[in-house]
Amino acid sequence: MQINIETAAELVVDVLKAGLVPFVVGSPGVGKSDLARQIAKQHNLKLLDVRLSQMDPADLLGFPFKDGKKASYIPMNTFPIEGDPIPEGYNGWLLLLDEFNSAPLSVQAAAYRIVLDKQVGVHNLHKQVGIIAAGNLMTDKAIVNRLSTAMQSRLIHFEIEVDPKSWIKWADTHGVDHRIKSFINFKPAALHNFDPNHQDLNYPCPRTWAFLSKLIINNDNLNPSKMPLFAGAIGEGMAREFYSFSKIYADLP
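The structure reproduced in this document is the subject of the present report. (Residues numbered from 1 in each chain as written. Predicted model: local features only at pLDDT ≥ 70, side-chain atom pairs only at ≥ 80, totals over all residues. Heavy atoms only, no water.)

**Section: the pairing of strand E2 (residues 22–26)**
Right, so step 1: E2 sits mainly inside the fold: five of its five residues count as buried.
Right, so step 2: When E2 meets strand E10 (residues 156–160), the two strands line up parallel, connected through four bridges. Among the inter-strand pairings, Pro22 is bridged to a residue of E10, identified as Ile156.
Right, so step 3: Relative to strand E9 (residues 129–136), E2 runs parallel, the two being bridged by four bridges. The partner of Val25 across the bridge, within E9, is Gly135. (Buried < 20%, exposed > 50% of the residue type's maximum accessible area, 1.4 Å probe, protein only. Helix = DSSP H or I, 4+ residues; strand = E, 2+ residues; numbered from the N terminus. Pairing = 2+ DSSP bridges.)

**Section: the nonpolar core**
Right, so step 1: The biggest cluster of nonpolar side chains holds 28 residues, and the ones touching the most others in it are Leu52, Leu60, Leu97 and Phe100.
Right, so step 2: Of all the secondary structure elements, the ones that give two or more residues to this core are E2, strand E3 (45–51), strand E6 (92–98), helix H4 (105–110), helix H5 (112–117) and E9.
Right, so step 3: Counting residues in each nonpolar core, the second largest holds 23 residues, with Trp167, Leu191, Phe230 and Phe242 among its members. (Core = buried A, V, L, I, M, F, W, Y, C linked by side-chain atoms within 4.5 Å.)

**With respect to the pattern of salt bridges**
Once the charged atoms of two side chains with opposite charge are near each other, the side chains can pair.
Right, so step 1: Summed over all chains, the structure comprises nine salt bridges.
Right, so step 2: Note that Lys169 and Glu6 form a salt bridge whose closest N and O atoms lie 3.4 Å from each other. One end of the pair, Lys169, is in helix H7 (residues 164–172); the other, Glu6, is in helix H1 (residues 5–17), and 163 residues separate them in sequence.
Right, so step 3: One salt bridge connects Asp49 with Arg51, and the closest N-O pair in it is separated by 2.9 Å.
Right, so step 4: A relative accessible area of 36% places Asp49 in the partly exposed class.
Right, so step 5: Where salt bridges share partners, they join Asp49, Arg51, Asp98 and Glu99 into one cluster. (Salt bridge = Lys/Arg side-chain N within 4 Å of Asp/Glu carboxyl O.)

**Overview of the packing of aromatic side chains**
Right, so step 1: If you walk through the whole model with that rule in mind, you get eight aromatic pairs.
Right, so step 2: Summarising the aromatic geometry, the rings of Phe183 and Phe242 are spaced 5.7 Å apart at their centres and angled 75° between planes, so their arrangement reads as edge-to-face. Taken as a pair, Phe183 in helix H8 (residues 178–186) and Phe242 in helix H11 (residues 236–251) lie far apart in primary sequence, 59 residues in all.
Right, so step 3: On the accessibility criterion, Phe242 (0% relative accessible area) is buried.
Right, so step 4: One aromatic cluster is present, built from ring pairs that chain together Phe183, Phe186, Trp209, Phe242 and Phe245.
Right, so step 5: Positioned above the aromatic ring of Tyr112, the side-chain terminus of Arg154 is 4.5 Å from the ring centre. (Phe/Tyr/Trp six-rings, centres within 6.5 Å; stacked < 30°, edge-to-face > 60°. Lys NZ or Arg CZ within 6 Å of the ring centre and 35° of its normal.)

**A closer look at H1**
Right, so step 1: Taking 1.5 Å per residue as the helical rise, H1 with its 13 residues ought to reach 18 Å, and the 18 Å between its terminal C-alpha atoms agrees with that figure.
Right, so step 2: Inspection of H1 places Ile5, Ala8, Ala9, Val12, Val13 and Val15 among the buried residues, and these make up the whole buried set. The arc that holds the buried residues of H1, viewed along the axis, is 160°, so those residues lie on one side. Summarising the geometry of H1, the exposed residues directed more than 90 degrees from the buried face are Glu10 and Lys17.
Right, so step 3: Against the buried residues of H1 lie strand E1 (2–3), E2, helix H2 (32–42), E9, E10 and H7.
Right, so step 4: At the C-terminal side of H1, Gly19 shows a positive phi close to 80°. (Expected span 1.5 Å × (residues − 1). Arc of directions from axis to C-beta. Contact = heavy atoms within 4.5 Å.)

**With respect to the side chain of Asn101**
Right, so step 1: Counting through the fold element by element, Asn101 comes out in the loop between E6 and H4.
Right, so step 2: Given the relative accessible area of 5%, Asn101 is considered buried.
Right, so step 3: A polar side-chain atom of Asn101 sits 2.8 Å from the main-chain carbonyl oxygen of Asn136.
Right, so step 4: When residues no more than four places from it in sequence are discounted, the contact partners of Asn101 are Phe23, Val25, Gln108, Gly135, Asn136, Ile143, Val144, Asn145 and Leu147. (Polar contact = N/O pair within 3.5 Å; in protein donor to acceptor, adjacent residues only side chain to side chain.)

**Remarks on the environment of Asp56**
Right, so step 1: Relative to the helices and strands, Asp56 is located in the loop between E3 and helix H3 (57–61).
Right, so step 2: Overall, the relative accessible area of 42% leaves Asp56 in the partly exposed class.
Right, so step 3: Each C-alpha atom, one on Asp56 and one on Ala103, is 9.1 Å from the other, the two residues being 47 residues apart in sequence.

Right under this line is the structure:
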């Protein structure tokens, strides 16, 4: 069952309040990381962005050291554990395990205890830590490994679909250029036009439209000489469509 980003924000919070871990998947650039940032901001939590695909099993289990006659493990300072002070001005932490299903199976296995038992090696995570896992779809050719059945049952799964109405609401509060919002209202399908087999250098999606907004926000008169700039953000075909729209848009009363 697919849900839009607005609904996901509500349901993910429900999962966090239950002490469980939501796993949010969707195509690249649909706003999964921004969803975590939004939830962290709303609940006054310090966001910890951990890219699981770049981790080693030892990063999750801790590093061994000699403790008297026995060996123990020292956890990475990435993870708040019991006894750590809550950062001043925050209510706790939100741990985003991003690129979750891009991690090798050995790293996924090392993450079992973090996800289910809230432990880093032999150390308990701080009680004020919430965890969100995020990843891409296997069908999108985005370097994805299949989750083991053991990991699947440790997570609450959500799949994000792109919803233009929800994105426009987000854009209204994030300073997105008015021409882009008007274009998406005019042609909603342009918000996310993703083909895993595309031959262009880039493609239009919520992330790349936000990039384009940053490129044009202070430019009232778009010049055709800037076309390579637009194409670099959203692909050549969509860049030409948007430029044509913006010229007509500029002449409207």
